Amino acid sequence: MARYVSEAHARLLLYLQVVVLQWLFVVYVWIGIRRSGTSIRALIDGAPGNCRRSFRHLIEAIAGLAVWLAIGAGLTAVLQPTAGQLRGLQTMLPKSALETTAWIGLAISTRYCVEIIYRGYLLQQLRSLTRSTLGAIVLQAKINGMAHVSLPLERLYR
């Protein structure tokens, strides 16, 4: 029982650390863009919202989820993770109502922070640097991917 409590606390601490770090990055971006008169909203999408745009975003999200699930299924088929590797991954997933609530908060927070940091600020900076939208997208995707690769992968292989 003591081990479960320590694992639960470790998961909650991990979720909290990720949320705090993400929002510290957002504050850093906000401080930087504030000097130029740019708003956070302008980084993400400066266009006014309406029902048609909201519906389009919903359709894009559903299509993105379908692509994400297809890629995940394809990678699983190709990589064929072992039961031990899957158990390692499952140690990071929530196991109680409190952890699930924290996990949902983490997921929502991540959604907004990634839009602001990677797809807003970083993409604009890379577009200015490369003078190419495609080049900026490729670099931004690589940087985002490297941030994910830097996660503690040894946890996955216990």
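One structure accompanies this document, and this report is about it. Position labels on residues start from 1 in each chain and follow its written sequence. This being a predicted model, a pLDDT of at least 70 is required before a residue's local features are given, and a value of 80 or more before pairs of side-chain atoms are given or counted; all residues contribute to the totals for chains, interfaces and linings. Side-chain measures were taken over the full set of non-hydrogen atoms in the model, leaving aside hydrogen atoms and water.

Some remarks on the overall build of the protein chain
Check the secondary structure of the protein chain and you find six helices and zero strands. The helix count covers DSSP runs of H or I at least four residues long, the strand count covers runs of E at least two residues long, and both are numbered beginning at the N terminus. Tracing the protein chain from N to C terminus, the helices and strands come up as α-α-α-α-α-α. The buried share of the protein chain, taken over its 158 residues, is 18%. Residue pairs in contact within the protein chain that sit at least 24 positions apart in sequence constitute 65% of those at least 6 positions apart. Only protein chains enter the accessibility calculation, which uses a 1.4 Å probe. A residue is then buried if its area is under 20% of the maximum for its type, exposed if over 50%, and partly exposed in between. By the convention used here, residues are in contact when the closest approach between their heavy atoms is within 4.5 Å.

Regarding the packing of aromatic side chains
Note on aromatic pairs: each is described by the distance of the centres and the angle between the planes. The pairing test for Phe, Tyr and Trp rings, Trp by its six-membered ring, is centres within 6.5 Å, and the orientation test on the planes gives stacked under 30 degrees, edge-to-face over 60, and tilted for anything in between. Taken as a whole and assessed by the stated rule, the structure comprises one aromatic pair. With a centroid separation of 5.3 Å and 65° between ring planes, the pair formed by Tyr15 and Trp103 is classed as edge-to-face. In this pair, Tyr15 is assigned in helix 1 (residues 2-34) and Trp103 in helix 5 (residues 97-130), connecting sequence segments 88 residues apart. A relative accessible area of 33% means that Trp103 is categorised as partly exposed. Should the NZ of a Lys or the CZ of an Arg lie within 6 Å of a ring centre and within 35 degrees of the ring normal, that charge is described as sitting over the ring. Over the ring of Trp30 we find Arg34, and its NZ or CZ is 4.7 Å from the ring centre.

Some words on the pattern of salt bridges
Pairing between side chains of opposite charge can happen when the charged atoms of each approach one another. Salt bridges are defined as contacts in which a side-chain nitrogen from Lys or Arg sits within 4 Å of a carboxyl oxygen from Asp or Glu. The full count for this structure, using the stated rule, is four salt bridges. A salt bridge links Glu99 to Arg11, with the nearest nitrogen and oxygen atoms 2.7 Å apart. In this pair, Glu99 is assigned in helix 5 and Arg11 in helix 1, connecting sequence segments 88 residues apart. An identical accessibility class is assigned to Glu99 and Arg11; each is buried. The salt bridge partner of Glu60 is Arg56, with a shortest N-O separation of 3.1 Å. You can see Glu60 and its partner Arg56 sitting in helix 3 (residues 51-79), four residues apart, about one turn around the helix. Glu60 gets classed as partly exposed once you look at its relative accessible area, which sits at 42%.

A look at unusual backbone geometry
Although it is not a glycine, Gln80 sits at a positive phi angle of roughly 45°. When you line up the elements, Gln80 lands in the loop between helix 3 and helix 4 (83-90). Among the residues examined, Gln80 registers a relative accessible area of 61% and is labelled exposed.

A short note on helix 3
Side chains that are three or four residues apart share a direction in an α-helix, a result of its 3.6 residues per turn. Each helix should span, by expectation, one fewer than its residue count multiplied by 1.5 Å. With 29 residues, helix 3 should cover 42 Å at 1.5 Å per step; its first-to-last C-alpha distance of 41 Å lies within 8% of that length. Positioned one or two residues after helix 3, Gln80 has a phi angle of 45°, which is positive.

Considerations on the side chain of Glu99
Exposure remark for Glu99: the relative accessible area of 1% places this residue in the buried category. Polar contact is the term for a pair of N or O atoms within 3.5 Å; when the atoms are in protein, one must be able to donate a hydrogen and the other to accept it, and sequence-neighboring residues count only if both atoms are side-chain atoms. Reaching out from Glu99, the side chain makes a polar contact with the backbone nitrogen of Lys95 at a distance of 2.8 Å.

Quick look at the nonpolar core
Formed by 13 residues in total, the largest nonpolar core has its most connected members in Val26, Val29, Leu43, Ile116, Ile117 and Tyr118. Looking at this core, the elements with two or more residues in it are helix 1 and helix 5. If one sorts the elements of this core by residue count, helix 5 sits on top with eight residues. Other than its neighbours up to four places away in sequence, Ile116 contacts Val26, Val29, Ile40, Leu43, Ile44 and Tyr121. Nonpolar cores are built from buried Ala, Val, Leu, Ile, Met, Phe, Trp, Tyr and Cys residues. Side-chain atoms within 4.5 Å join them into one set.

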